[in-house]
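# A closer look at the structure
Residue-level listing of the chains:
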Amino acid sequence: MAETYVIALDQGTTSSRAVLIDRGGAMVDCVQRTYQQIYPQPGWVEHNPQEILYSQLGCLTELVSKHRLSRDNVAAIGIDNQRETTIVWDPTTGEPIHNAIVWQCRRTAGLVDELCGTPEVRSMVQAKTGLLPDAYFSASKISWLLDNVEGARERAEAGELLFGTVDTWLVWVLTGGLVHATDATNASRTMLFDIHRGVWDDDLLALFDVPRSMMPEVRPSASFFGETSYPGVPAGIPICGVVGDQQSALFGQCCLSAGQAKNTYGTGCFLLMHTGAEAPTSSHNLVTTIVASPPGCDHTEYALEGSVFVAGALIQWLRDEMHLIRSAEETEFLAQSVDDTGGVHIVPAFTGLGAPYWNADARGLICGLTRGTTPAHIARAALEALAFQTYDLVRAMEADAGVSLDTLNVDGGASRNGFLMQFQADVLRATVHRPQNIETTSLGAAYLAGLTSGFWSGTDELAAMRESDDVFEPQMDAKAAERAVAGWADAVRRAM
Ligand code: ADP
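Summary of the structure given here. (Residues numbered from 1 in each chain as written. Predicted model: local features only at pLDDT ≥ 70, side-chain atom pairs only at ≥ 80, totals over all residues. Heavy atoms only, no water.)

Summarising the element assignment, Thr 289 is placed in strand 18 (residues 287-290). Spatially, the C-alpha atom of Thr 289 lies 8.7 Å from that of Glu 301, the residues being 12 residues apart in sequence. When sequence neighbours within four positions are dropped, the list of residues in contact with Thr 289 reads Ser 188, Arg 189, Gln 247, Leu 272, Glu 301, Tyr 302, Ala 303 and Glu 305. A distance of 3.1 Å separates polar atoms of two side chains, one belonging to Thr 289 and the other to Ser 188. (Helix = DSSP H or I, 4+ residues; strand = E, 2+ residues; numbered from the N terminus. Contact = heavy atoms within 4.5 Å. Polar contact = N/O pair within 3.5 Å; in protein donor to acceptor, adjacent residues only side chain to side chain.)

Here it is, written out as C-alpha cells:
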C-alpha cells in the first residue's frame, strides 16, 4: 500500500488543527489556526461557523500543499471536535442561520431550569441520556436558535433546516453537502440521544421542541462517513473516524476497556473512566457518556465523565492576576524548592465547586497562611489543588463504577509538570502514566480513521506503537497521603 499517512482534523474551542500522522503513529506535522471568540453578552459565547470552517480547512490545505498530499498517500481523515457546540444551517444555501452557540455559553440556563425543573423530568433526562440537565449540552441551544431567529421554527418544522455539532458541520461541508451524520460520542452530548437504545429520543425531542427532521444520522465513531469533495481539498479521501474531543483523548491513550481512565490537565481537567458495556448511573453528579469503540465492536461502550472547572486556569491566575510567577513551568521548580506548603491550601472555587460537590455558591479561598508563607508555598498549594480536585473525581468514579483505579493516564499542557504528576500519584495511591506524546486528542481521531480504513491492523498494533511512558509511582507514605487529603477536605468545607 502506498498510503503513508492519516490526517486528524482537531477542531478545538480556541483553535483548529490539522495533524499529519505516519504509520508508526508519529506526528509528522501540525498546522494550527486560532479563530475568533465572540462574547455578545456576559456569559454568552459564540463562534462563527464559517470561521470554524475556514480555520479548519485552511490548516488542512496548508498541510496538503506542504507535504504534497493526495488520495494516493493519505489513507483516511479522522475528525475530533469540541463537543456540544450547536450549529443550525440551511442545506440549500449552506448558510448557518446564526453563529454557533458554544458549549460554554450560559444563555439557556433559565430555559433548562424551566423545562427540567421537576425531579421527575430531571431523572427522566438522566436515565435516558446519562447527563444532568444543563445549558452546557446542545438540546436547549437548538431550542433557543429556533425561538430566537426569525422564521427558524417554521423552516425547521418544514424540514428546511439541519442541526449539527461541529463534527457534523465539517462532514457535511467536506462531503459537498452529501452526508448529514454525527457519531455516537457527539450524539451522547446533545441531551436528545438515548444512550442505551442508541436513538434520538421522542420524549426529549418533544421536551426541547426540536423537530426530528433536523437531526443527523448517528453512526459509530469508527465508520465510513463519506469522501472529501470540497474545492482545494484532494478529492476522494475517506473520512473514517469522527469523535468528540474527550472521547478521542481516551481512545488516543488506548484506554479501551473497563477500568481504564485518562485525565487531561488543561485550562480545566477532563477525567473519563471507561466502564465497558455497563452504563452506570452516577450518584455523585458525574455524567455517563458513550465512548469510541474500535471497528467491529458489536455493542455500545460507555464511560463516566467528570470535570474540574479550574485547573491550569489557577496557574494562569497566579501568573496574570497575582503576578506571583512569570510562567506556568516555573511552578514546578518553586514547588520543589520547599518541603511542603507549610499548611497552605488553595480551593480554586472561582465559579463554585463541580462534581462531586456541586455547590454553585462556594467561592475560592487560600487558607493556612502564616508570616512564613512564600510564593513557593502558594505555587505548591496551587499544583496540589489540581491533584486534590482530580483525587475527588477519581474517588467518586470508583464509587459509581464499583472499581478501583490502579493507573491514571494523563495528558494536556499541565501534565508536563513533574511535581504535579508525582503528587498526583502520591495522593491517589495509583500509578500515573504520561505518554511521550501528550497530544492524545488528535491521536484518537487518527487511530479511529486508520483502523477503520485498514491502515493499521488492529488495536494491538496501536498499543505497540506507543512510545515508552514516563511513569510516576506513589512515594509518599500512606499516612502522610491521608493527612494531605484530610487537609484538603477541611479547606473544601471552608470554601462551602
Ligand atoms: P487548553 O487546551 O485547555 O487550552 P493546554 O492543554 O494547552 O490547555 O494546557 C494549558 C494549561 O496548562 C494552562 O492553563 C497553563 O496554565 C497550564 N500549564 C501549562 N504548562 C504547565 C506547567 N508546566 N505546570 C503547570 N501548569 C501548566
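So, on to the sheet that holds strand 6 (residues 87-90). Spatially, 7-6-9 is the arrangement adopted by the three strands of the open sheet, whose pairing is antiparallel. Of all strands in the sheet, those bounded by a partner on one side alone are strand 7 (95-96) and strand 9 (162-164). Where strand 6 meets strand 7, two bridges bridge the pair, whose relative direction is antiparallel. In the sheet register, Trp 89 faces strand 7, and the bridge partner there is Pro 96. (Pairing = 2+ DSSP bridges.)

On to the pattern of salt bridges, then. Here the structure, examined in full by the defined rule, presents 28 salt bridges. The residue Glu 305 makes a salt bridge to Arg 189 at a minimum N-O spacing of 3.1 Å. Of the two residues, Glu 305 is situated in strand 19 (residues 302-308) and Arg 189 in the loop between helix 7 (184-187) and strand 11 (193-194); the sequence distance between them amounts to 116 residues. With a closest N to O distance of 3.0 Å, Arg 395 and Glu 398 form a salt bridge. Highlighted residues: Arg 395 and Glu 398, both in helix 12 (residues 375-401), separated by three residues, approximately one helical turn. (Salt bridge = Lys/Arg side-chain N within 4 Å of Asp/Glu carboxyl O.)

This paragraph deals with the sheet that holds strand 24 (residues 470-472). Think of a sheet as strands paired side by side through backbone hydrogen bonds, with each pair either parallel or antiparallel. In space, the seven strands of this open sheet follow the order 18-19-17-16-22-23-24, with mixed pairing throughout. Sheet topology places strand 18 and strand 24 at the edges, where each strand pairs with a single neighbour. Going from strand to strand, the sheet's axes swing by 25° on average, the running direction of each strand aside. Sheet topology places strand 23 (residues 431-434) next to strand 24; three bridges connect them, and they run antiparallel. Bridge pairing in strand 24 places His 433 opposite Val 471. (Axes fitted to C-alpha atoms, helices over the stretch in contact; angles between N-to-C directions.)

Everything listed here is a matter of coordinates, which is why it stays silent on function.
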